[in-house]
Amino acid sequence: MPSTGSAQESAPPSRRSKITPERAQELYTAVLDLLRESGYDSLTMEGVAARTRCGKSTLYRQWGNKPELVVAALHGTRRPLFSGIDTGSLSGDLREAARAVESASGQDTALMHALSHAALQNPDLLCAMRSTLITPAIAAIDAMVERAVDRGEVDADNPALEYVPAQVMGIMRARPLLEERYTDGRFVTRFIECAVLPALGLPSSPPDPPGSGT
């Protein structure tokens, strides 16, 4: 389904100019940085051109409009949040996931927050956001849960199992809305210890005393 954009943010298609993969990565990085800094509505092709010292006409020839450029940037910089986590236990995996959230709090979390509203109005943008930011993270958490069931750590019929991805991903999205700050590793660790592990019947460490977290 073709993307839509404002008259100011689109141009008639024409022959695309040659952009090297390295230059494309520079442009994609700039696009995502601008999204994190100012949000989707404030992002313009002119702003990207100025940030990257690239001709605005080159951006329009290559990507056509702002939504298409953002979609390309998401796909071109894809890096799964929880990839490679396998500690040998579900509790260990989830705690490691919390540490991954710490390193990504100003990156993926900020990006999801910046794109959420716009994505609901643009099917292509929503699809790109899901495929690059959300679906890989959920698949990684599902794999952690499946390994735990295979090891016999958690009963396969535990009703809380299917909600683990929603809990972990949901808390990343909810805190900026509720407290106006991004979710950090300590916050997610406390959430896992107090809410996720008990529901799964797994032992948890004593939570930090009130006021000790950020």
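This one's a predicted model, so the numbers in the text were calculated from it and none came from an experiment. (Residues numbered from 1 in each chain as written. Predicted model: local features only at pLDDT ≥ 70, side-chain atom pairs only at ≥ 80, totals over all residues. Heavy atoms only, no water.)

**With respect to the confidence of the model for the chain**
Next up, step 1: Summarising the model, the chain shows a mean pLDDT of 84, and 87% of its residues fall at 70 or more.
Next up, step 2: Element-level pLDDT for the chain is lowest in helix α6 (residues 108-121), with a mean of 82, against a maximum mean of 96 in helix α2 (residues 45-52).
Next up, step 3: Confidence drops under pLDDT 50 across residues 1-8; counting only partners more than four residues distant or on other chains, this segment forms 14 contacts.
Next up, step 4: Contacts from residues 10-16, a stretch scored under 50 in pLDDT, to residues over four places away or in other chains number 10 contacts. (pLDDT = per-residue confidence, 0-100. Helix = DSSP H or I, 4+ residues; strand = E, 2+ residues; numbered from the N terminus. Contact = heavy atoms within 4.5 Å.)

**A look at the packing of helix α5 (residues 90-104) against helix α9 (residues 185-200)**
Angle between the axes and distance between the axes: these two values describe a pair of packed helices.
Next up, step 1: α9 packs onto α5 with a crossing angle of 155° between their chain directions and a minimal axis gap of 8 Å. Relative to α9, the element α5 lies roughly antiparallel. Seen along the crossing, α5 lies across α9 with a hand that is right-handed. Residue-level inspection shows Leu-90, Ser-91, Leu-94, Arg-95, Ala-98, Val-101 and Glu-102 of α5 in contact with α9, the latter providing Gly-185, Arg-186, Val-188, Thr-189, Ile-192, Glu-193, Val-196, Leu-197 and Leu-200.
Next up, step 2: Across the contact of α5 with α9, the residue classes tally to 9 nonpolar, 3 polar and 4 charged. (Axes fitted to C-alpha atoms, helices over the stretch in contact; angles between N-to-C directions. Parallel < 35°, antiparallel > 145°, perpendicular 65-115°, else oblique. Left-handed = near helix turned anticlockwise from the far one by under 90°. Nonpolar A, V, L, I, M, F, W, Y, C, P; charged D, E, K, R; others polar.)

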